[in-house]
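# Structural features, examined
Here are the chains, one letter per residue:
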Amino acid sequence: MIFVTSYFVDLQPDTVEMLKTFDELNKSSCCDCVDMSCAVSLLNKEQYELLSSHSIESFVKKGEVILRSDTLISNIIYLKVGYIKEFMVNGNNKTSIIQILKPHTYLGIHSLFGDKINHYVYAALQDVKICYIDINAFKQLIKENGNFAFQILTEVNKENLYNYYRFVSNSYKKTDGRFADVLLYLSENVYEGQHFPLQLTRQELADLTGVSRENLTRVLSKFKEEGILDECGDELEILNIEILRTISKNG
């Protein structure tokens, strides 16, 4: 474990070397951040100053783990730029991707008022920019600013509702229905468009869908043959979203 300051612990060695110096950080404020979250925009001047003095920016390369499971949560992590996968690995070394996190999302919120232990692994799907926020300062902002807390809870509940729906539906849907759900999720919730970059490998798509890689490859080819979607290089385009919704509905 590397200690950067008394505020920031549990940072990965390859991440620490990319951190900005505190002198550089002190020249700016969270209120000047172009990647500010909706929740932070609700803070007052004093609260901005508290956040600025207890946060530090970092750049993480594609594929690197940002936060490991079964570790003590000492910082809330704010995703400023890029996409991250949240996943779990069970005792049989099988990976299940819970969700894809997009910019302006917080990591570690689930453990904020829980048992203080992180239960998920977070890894960068591309080069990302994040901020480590001291957990005690973050808790103070939640206690002091009801609007800030409300916005944070709203976003967490949206994530939980989607994850609950997906895990329940996976118990009765076949591969076609599961993959249709994933494509709709990526299109509507993550990338907000029917043409988006495919940042997940075939295995990662399978882990997100909850099927084997072979079954994922089969249904992907089927959807392309039926004109539901098109794949060009590292990009996917949904060509008939209504059919996709029908497949999702029918399971």
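Reference entry: report on the structure contained in this document. (Residues numbered from 1 in each chain as written. Predicted model: local features only at pLDDT ≥ 70, side-chain atom pairs only at ≥ 80, totals over all residues. Heavy atoms only, no water.)

Once that is clear, we can look at the overall build of the chain. Across its full length, the chain carries 9 helices and 13 strands. Going through the 251 residues of the chain one by one, you find that 49% of them count as buried. For the chain, the share of sequence-separated contacts (at least 6 apart) that also reach a separation of at least 24 residues comes to 71%. Within the structure as shown, the chain displays about 12800 Å² of accessible surface, and the carbon and sulfur contribution to it stands at 51%. (Helix = DSSP H or I, 4+ residues; strand = E, 2+ residues; numbered from the N terminus. Buried < 20%, exposed > 50% of the residue type's maximum accessible area, 1.4 Å probe, protein only. Contact = heavy atoms within 4.5 Å. Areas by Shrake-Rupley, 256 points an atom, 1.4 Å probe, with all protein chains shown as cover.)

Here we come to the sheet that holds strand E10 (residues 128-134). Taken in spatial order, the 4 strands line up as E1-E10-E4-E7 in an open sheet, and their pairing is antiparallel. One side of each edge strand has no neighbouring strand; the edge strands of this open sheet are strand E1 (55-60) and strand E7 (105-107). Across the sheet, the mean angle separating the axes of adjacent strands is 30° when strand polarity is ignored. Taken together, the 6 bridges between E1 and E10 define a ladder with antiparallel strand orientation. Along E10, the bridge assignment pairs isoleucine 56 with tyrosine 132. (Pairing = 2+ DSSP bridges. Axes fitted to C-alpha atoms, helices over the stretch in contact; angles between N-to-C directions.)

On to the environment of serine 169, then. Among the secondary structure elements, serine 169 is positioned in helix H5 (residues 146-169). Taking relative accessible area as the criterion, serine 169 reaches 1% and is therefore assigned buried.

In this section: the layout of surface pockets. Looking at the largest pocket, its volume works out to about 530 Å³. Contributing to the lining of the largest pocket are 23 residues, with Lys102, Thr105, Glu155, Lys158 and Glu159 lying nearest its centre. Those elements that provide at least two residues to the lining of the largest pocket are strand E6 (95-101), E7, H5 and helix H6 (175-190). By residue number, the principal contributor to the lining of the largest pocket is H5, which donates 7 residues. Considering only residue class, the lining of the largest pocket consists of 12 nonpolar, 7 polar and 4 charged. (1 Å grid on protein atoms, 1.4 Å probe; cavity = no way out; pocket = protein on both sides within 12 Å on 5 of 7 lines; lining within 4 Å. Points joined across faces, edges and corners; volume = space filled by probe spheres on them. Nonpolar A, V, L, I, M, F, W, Y, C, P; charged D, E, K, R; others polar.)

Next up on the list: unusual backbone geometry. Although it is not a glycine, aspartate 70 sits at a positive phi angle of roughly 60°. Assignment of secondary structure puts aspartate 70 in the loop between strand E2 (65-67) and strand E3 (71-72). Residue class for aspartate 70 comes out exposed when judged on its relative accessible area of 62%. Not every positive phi belongs to a glycine, and glutamate 192 is a case in point at roughly 55°. Structurally, the position occupied by glutamate 192 is in the loop between H6 and strand E11 (195-197). When its relative accessible area of 59% is taken as the criterion, glutamate 192 is described as exposed.

For the structure on display, the rule yields 6 aromatic pairs. Geometrically, the ring pair formed by phenylalanine 138 and phenylalanine 148 is edge-to-face, given 5.5 Å between the ring centres and 65° between the ring planes. Taken together, the residues phenylalanine 138 in helix H4 (residues 135-144) and phenylalanine 148 in helix H5 connect sequence positions 10 residues apart. Given a relative accessible area of 1%, phenylalanine 138 falls into the buried group. Put simply, the rings of Tyr78, Tyr106, Phe138 and Phe148 pair up and form one aromatic cluster. (Phe/Tyr/Trp six-rings, centres within 6.5 Å; stacked < 30°, edge-to-face > 60°.)

The N-to-C vectors of H6 and helix H9 (residues 241-250) enclose an angle of 130°; their axes lie 8 Å apart at closest approach. Taken together, the axes of H6 and H9 lie oblique to each other. When the axes of H6 and H9 are compared, the crossing they make is left-handed. Contacts between H6 and H9 pair Asp176, Gly177, Ala180, Asp181, Leu183, Leu184, Ser187 and Glu188 from the former with Ile241, Leu244, Arg245, Ile247 and Ser248 from the latter. (Parallel < 35°, antiparallel > 145°, perpendicular 65-115°, else oblique. Left-handed = near helix turned anticlockwise from the far one by under 90°.)

Most of E6 is tucked away, with 5 of its 7 residues classed as buried. Connecting strand E5 (residues 84-89) to the next strand, E6, in antiparallel fashion are 5 residues, including asparagine 93 with a positive phi near 65°.

Now for H5. In this model H5 runs 34 Å from its N-terminal to its C-terminal C-alpha over 24 residues, within 8% of the 34 Å that 1.5 Å per residue would give. Of the positions making up H5, those classed as buried are Phe148, Ala149, Ile152, Val156, Glu159, Tyr162, Asn163, Arg166 and Ser169. Those residues of H5 hidden inside the fold are in contact with E6, E7, H4, H6 and helix H7 (202-209). Residue asparagine 145 occupies the N-cap position of H5, its side-chain oxygen lying 3.1 Å from the main-chain nitrogen of asparagine 147. (Expected span 1.5 Å × (residues − 1). Polar contact = N/O pair within 3.5 Å; in protein donor to acceptor, adjacent residues only side chain to side chain.)

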